[in-house]
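Overview (structure and organization)
So the chains spell out like this:
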Amino acid sequence: MNDKPDDLEFAIGRATQALLGEQRGDGHWVFELEADATIPSEYVLLRQYLGEPDDPELERKIGVYLRRIQGGHGGWPLFHGGAFDISASIKAYFCLKTIGDSSDAPHMVRARDAILAHGGLLRANVFTRILLAQFGELSWNDVPTIPVELILLPRWFPIHLSRMSYWARTVMVPLLVLAALKVRARNPRGVRLPELFVPADKLPPKPPSHQKRGWALFFNGLDRVLKVVEPFWPKSMRRRAIDRCLQFVTERLNGEDGLGAIYPAMANAVMMYDALGYPPEHPDRAIARHALDKLLVIRKDEAYCQPCVSPVWDTALVSHALMEVGGKDAVAAAQRGLSWLLPLQECEVKGDWAERRPEVRPGGWAFQYRNAHYPDLDDTAVIVMAMDRARCDFAAGTGYDEAIDRATEWTVGLQSRNRGWAAFDADNVDHYLNNIPFADHGALLDPPTADVSARCISMLAQLGESDSARMRDALGYLEREQLADGSWFGRWGVNYIYGTWSALCALNAAGLDATAPSVAKAVDWLVSIQNADGGWGEDCSSYKLDYRGYEPAPSNASQTAWALLGLMAAGQVAHPAVERGIAWLQRTQDGSGLWPQDAYTGGGFPRVFYLRYHGYPKFFALWALARYRNLRRSNVQHVAHGM
């Protein structure tokens, strides 16, 4: 192993300088956040829906991007190297045909053959079928009925927006209006997709579903009833429902950061304003449309559209990594990052989370630049831990005290009844809703998860909470979530490596050492899945419904770093697996001082939507190297803080 101190310091120094060079002038970091072919394809098709003026250069660059990421199977996957996905493939094919690719071109023929083999347009997911209905390629009868009057239902009703996750809420409300009005896309180029239609009697079997048979039969029956009765509902009620949806969207429009600060909700808001007759220059429609363009990544030769941006998350995590590195320049840069984060704390707006916790004062941070109605517990806990470390380890004074206190109050207030934490809401656990026809993605809810709960436990423990009833209950939740093999599920990162790292950090912060059975089992699992090259890797397919245990995947920097940070949190800094992992990171550092990585290691929605955080291999790998150096230098096994 090449672990001489000067070699390790050299690797840390190169990565540190590279990260410092990417800090923005106001102190924050933001890295690209890439999804699959769906979002850039939808962006082009949105422009066609609205009949906007042509932008041939932008379309050309998006076309280059889509052709590059086409899979060897002929279609488009949900993550780098992944299996064929029919919905992503239909949208990418539609987009490429719209921008001028001939349906006889070799790449289009391969895509068409793959789409037809998997069932064509009728086998697409709900959101894709809605888009196809808007363009007249499918009937609205091929789409689950989602009556706009849903927004008028009382809060106690079993199907209510407050029972759904924030992302479902913000996507659905403008979509309710679009489904009610059924406005046809302008489609000025008249592009159609008859070649992708497979007759219903020739469709291949449907793939396995998360939905329970009994619930699915009930809700599918309800959908058929709604299709019959919906045309007869009072027009006055429909008008009132549309007005309520408009009010909801406009109240949460969020300026140039967009509704919910996520692409699908933002695009639906623009189409809703258009369907309601708002001209392009109307302030609400104009700002909603401008927000979408801010998601574009335009390079010299290609372009794509991000699903959202991650400046708060990136800045908080880079600040942690740089404080681990230490030294005047790194710490100063981290403190500049924390100073940028400080005023972004939301202490005024009671967002949608207050539906279930009206007595709690706001105090969290969002993931994006601004998203006042939707702060999240994950970002908030990570920021609090960074600010606490800055004031304790680097004598940053009392400037963070009030922010930490408010954030802690908000975090404690959003603990769910099962004593875990979700990302955005408390007790968002009405699981039967994932069986409604609209929820074929299985991601309608935001229940507590091990990774977010671990972050909140880490935060509370780092702030000094130890043997309280709340902490005992939270640790009990986390230990109940551990799988038989010793790992934890990772909801927001891929997957069991991410969840296990998160949980080990929490258990360490709470005072459990390597002798604790849960810690020992997790260590054994991480060691057992290390690759022969010394790194770790895990594929997004680990979210599949029939998961039966870890399946080997190529090593990558971010998952290797998570495994190392988890093992070191468990007191295993001298373990041979850690030494091999550190050697892998040193060996794979590139000429820029950072780490290349094509793998998608971020979770959007399991089995549906994954994310490639371009910053993850950069700052997590540095963090792991610096943590290893610090623990070896001090000859201690214990990490004194929550991450």
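Thresholds, definitions, all that
Residues numbered from 1 in each chain as written. Predicted model: local features only at pLDDT ≥ 70, side-chain atom pairs only at ≥ 80, totals over all residues. Heavy atoms only, no water. Phe/Tyr/Trp six-rings, centres within 6.5 Å; stacked < 30°, edge-to-face > 60°. Helix = DSSP H or I, 4+ residues; strand = E, 2+ residues; numbered from the N terminus. Buried < 20%, exposed > 50% of the residue type's maximum accessible area, 1.4 Å probe, protein only. Pairing = 2+ DSSP bridges. 1 Å grid on protein atoms, 1.4 Å probe; cavity = no way out; pocket = protein on both sides within 12 Å on 5 of 7 lines; lining within 4 Å. Points joined across faces, edges and corners; volume = space filled by probe spheres on them. Nonpolar A, V, L, I, M, F, W, Y, C, P; charged D, E, K, R; others polar. Expected span 1.5 Å × (residues − 1). Contact = heavy atoms within 4.5 Å. Axes fitted to C-alpha atoms, helices over the stretch in contact; angles between N-to-C directions. Parallel < 35°, antiparallel > 145°, perpendicular 65-115°, else oblique. Left-handed = near helix turned anticlockwise from the far one by under 90°. Salt bridge = Lys/Arg side-chain N within 4 Å of Asp/Glu carboxyl O.

So, the packing of aromatic side chains
Across all of its chains, the model carries 33 aromatic pairs by this definition. Relative to Trp 562, the ring of Trp 501 lies with its centre 6.0 Å away and its plane at 10°, an arrangement referred to as stacked. With Trp 501 in helix H18 (residues 496-509) and Trp 562 in helix H20 (residues 557-569), the pair connects residues that are 61 residues apart, well separated along the chain. Summarising the burial analysis for this pair, Trp 501 and Trp 562 share the class buried. Judged by centre distance (6.3 Å) and plane angle (90°), the rings of Trp 525 and Tyr 550 are edge-to-face.

Points about the pairing of strand S4 (residues 602-605)
Both S4 and strand S5 (residues 609-613) contribute to a ladder of three bridges, which runs antiparallel. Note that in S5 the partner of Gly 603 across the bridge is Tyr 610. Linking S4 back to S5 in an antiparallel pair, the connection comprises three residues, with Arg 607 at a positive phi of about 70°.

Considerations on empty space enclosed by the protein
Inspection of every chain in the model, using the stated rule, returns two cavities of 30 Å³ or more. Its volume calculated, the largest cavity comes out at about 50 Å³. Lining the largest cavity, in full, are Glu 538, Asp 539, Ser 541, Ser 542, Lys 544, Tyr 547, Gly 549, Tyr 550 and Glu 551. When grouped by side-chain class, the residues that make up the lining of the largest cavity number two nonpolar, three polar and four charged. Put simply, the second largest cavity is a space of about 40 Å³.

Brief notes about the sheet that holds S5
One open sheet holds the three strands; their spatial order is S1-S5-S4, and the pairing between them is antiparallel. Taken across any chain shown, the strands that pair with only one partner, and hence form the sheet edges, are strand S1 (33-34) and S4.

Some points on helix H15 (residues 401-413)
Every α-helix carries 3.6 residues per turn, so stepping three or four residues along brings you back to the same face. Compared with an ideal rise of 1.5 Å per residue, which puts 13 residues at 18 Å, H15 spans 18 Å between its outermost C-alpha atoms and is within 8% of the ideal. By the burial criterion, the buried members of H15 are Ala 403, Ile 404, Arg 406, Ala 407, Thr 408, Trp 410, Thr 411 and Gly 413. Against the buried residues of H15 lie helix H14 (377-393) and helix H16 (450-462).

What about unusual backbone geometry?
Backbone geometry places Asn 254, a non-glycine residue, at a positive phi of 70°. Locating Asn 254 in the fold gives a position in the loop between helix H9 (235-251) and helix H10 (263-275). Although it is not a glycine, Ala 261 sits at a positive phi angle of roughly 55°. As for its position among the elements, Ala 261 is in the loop between H9 and H10.

Regarding the packing of helix H2 (residues 38-50) against helix H3 (residues 56-68)
The interhelical angle for the contact between H2 and H3, taken along N-to-C directions, is 150°, at an axis separation of 10 Å. One finds that H2 runs roughly antiparallel with respect to H3. Here H2 runs over H3; the crossing is left-handed. Across the interface between the two elements, Pro 40, Ser 41, Tyr 43, Val 44 and Gln 48 from H2 touch Leu 58, Glu 59, Ile 62, Tyr 65 and Leu 66 from H3.

Some remarks on the pattern of salt bridges
Counted under the stated rule, the structure contains 44 salt bridges. A salt bridge links Arg 67 to Asp 101, with the nearest nitrogen and oxygen atoms 2.9 Å apart. Of this pair, Arg 67 sits in helix H3 while Asp 101 sits in the loop between helix H4 (86-98) and helix H5 (106-117); the two residues are 34 residues apart in sequence, bridging distant segments of the chain. Across the pair Asp 378 and Arg 455 runs a salt bridge, and its minimum N-O distance is 2.9 Å. Of this pair, Asp 378 sits in helix H14 while Arg 455 sits in helix H16, and the two are 77 residues apart along the sequence. The exposure classification of Asp 378 matches that of Arg 455, with both residues buried. Each of Arg 169, Glu 251, Arg 252, Asp 352 and Asp 425 takes part in a single network of salt bridges with overlapping partners.

Fair warning: the whole summary comes from geometry, so function is off the table for now.
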